[in-house]
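Structure assessment
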Amino acid sequence: MKFLASHESSARGTFDFPIELYYVDKMHPRYEMPFHWHMEFELMLVLSGEFSLLIDGRSYLLHKGDAAIISAGAVHGGTPSDCVYECVVFDMNRFLGSGSVCQAKYNALFERGAQIEPYQPAGSITCQLIDRLFEAMEKEPEGYEFVTIGLMWQLFGQILLQHSYTVSTPGNKRNDRSTAQMKAALERIRKNYASRITLEDLASTAEMTPEHFCRVFHSITGRSPIDYLNYYRVECAAELLCSTEDPITEIAYSCGFSDSSYFNRMFRRYKAEAPGKYRKLHSI
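The notes below deal with the structure included here. (Residues numbered from 1 in each chain as written. Predicted model: local features only at pLDDT ≥ 70, side-chain atom pairs only at ≥ 80, totals over all residues. Heavy atoms only, no water.)

**Details of helix H3 (residues 144-162)**
Spanning 19 residues, H3 covers 27 Å between terminal C-alpha atoms, matching the ideal 27 Å at 1.5 Å per step. Within H3, the full set of buried residues consists of Tyr144, Thr148, Leu151, Met152, Leu155, Phe156, Gln158 and Ile159. Projected down its long axis, H3 carries its buried residues within an arc of 155°, all on one side. The exposed set on the far side of H3, more than 90 degrees from its buried face, consists of Phe146 and Leu161. Histidine 163 lies just past H3 and shows a positive phi near 55°. (Helix = DSSP H or I, 4+ residues; strand = E, 2+ residues; numbered from the N terminus. Expected span 1.5 Å × (residues − 1). Buried < 20%, exposed > 50% of the residue type's maximum accessible area, 1.4 Å probe, protein only. Arc of directions from axis to C-beta.)

**Topic: helix H7 (residues 225-243)**
Taking 1.5 Å per residue as the helical rise, H7 with its 19 residues ought to reach 27 Å, and the 27 Å between its terminal C-alpha atoms agrees with that figure. Counted residue by residue, H7 has 16 buried out of 19 residues, so it is predominantly covered.

**A short note on the nonpolar core**
In this structure, Met182, Phe213, Tyr228, Cys255 and Phe267 are the most contacted members of the largest nonpolar core, which totals 38 residues. Sorting the residues of this core by element identifies helix H4 (170-192), helix H5 (199-205), helix H6 (210-221), H7, helix H8 (248-254) and helix H9 (260-271) as the ones contributing at least two each. If you tally residues by element for this core, the top one is H7, at 11 residues. Not counting the four nearest positions on each side in its chain, tyrosine 228 is found in contact with Pro34, Phe35, Leu186, Ile189, Phe217 and Arg223. Formed by 30 residues, the second largest nonpolar core is a distinct cluster that contains Phe17, Leu96, Tyr106 and Cys127. (Core = buried A, V, L, I, M, F, W, Y, C linked by side-chain atoms within 4.5 Å. Contact = heavy atoms within 4.5 Å.)

**A word on the pattern of salt bridges**
Tallying each qualifying case throughout the model produces eight salt bridges. Here aspartate 227 and arginine 223 are joined by a salt bridge, their closest N and O atoms 3.3 Å apart. Via salt bridges that share partners, Glu187, Arg190 and Lys191 belong to a single interconnected network. (Salt bridge = Lys/Arg side-chain N within 4 Å of Asp/Glu carboxyl O.)

Function cannot be inferred from these measures alone, as they are strictly geometric.
Laid out in C-alpha cells, this is it:
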C-alpha cells in the first residue's frame, strides 16, 4: 500500500463542496511534509511552533499565526519544528461560475502563469481572511459553506488588490522547465520507491546529466536526490508503522530497504527514534 504521493490527485471534500481541511500535529502520520504538488490551491496556517516551507525552491520560515498560499501546481514540502499546523486544499475553478466576471479575471491572471506570493504574515489582511476561513471550516456553524466561499472570494480579491503575485517571464519559464523535470523525478520516486533506484535513473527521468540534476534537485528540495529518496522511504515506512501491524522487517523491505540494519540507521537519522519506539508512540 502506498500512502505518500508526490502528485496528489484525490478528490477534496465533496463533489458540490470541493474543499478539505487537514489538522496536523506531532501524532499525525504525515507530520513531515514530503515534496508533492497538486492542481488545487493550498492554504497553510501555523498554530504553534515553526514550519520551514519550500515552494519551487524558495524557502519560507513560518511562525505561529503566519500563513502561506501555495499556488496550483507548485512543488512544495517542508519540515515542522515543534509545530501544529492546518491546511485547506481546494479547487478554485469549481467555485467560479462559468462565464462570470470573476471567472474571466481569474483565467486572465492564471493563464499567464501567475504565482501568488506565498508568505502571508500574521496580522496582515490576507492572513486574517485565511484565519477566518479556517475557523469556519473547523467549527462548521450553520451556513458555514456560504462563509467559507465568501472568504475565499475575498482572499483572491485582496490578492488582486495588493498585486500580490508575479507573472511568468522568459527567465521564469526556464525555471518552469526545471520544475517540470523535477516533478518527473519526484513522480518516479513516488511510484518506484520500493524498488532499486539509482541517481542515474532519476537523472535520466529528468533528462539531465547526474551532475546538473543534483544541483537543480537540491535547489528545489534542499536535499540531494539520494538523501531525499531515503527520507521519502522512511516517511512511507513511518506511515505503515502507525497504520498496520506488519513486522518491522517486512515494512523495511516493502519501502525499498534491502538491509534491516541500514533501515534502522536511516530511520533513526530522520525520525530520531528506533522504528519500534516510533510505532509505540505514534500508532493510530
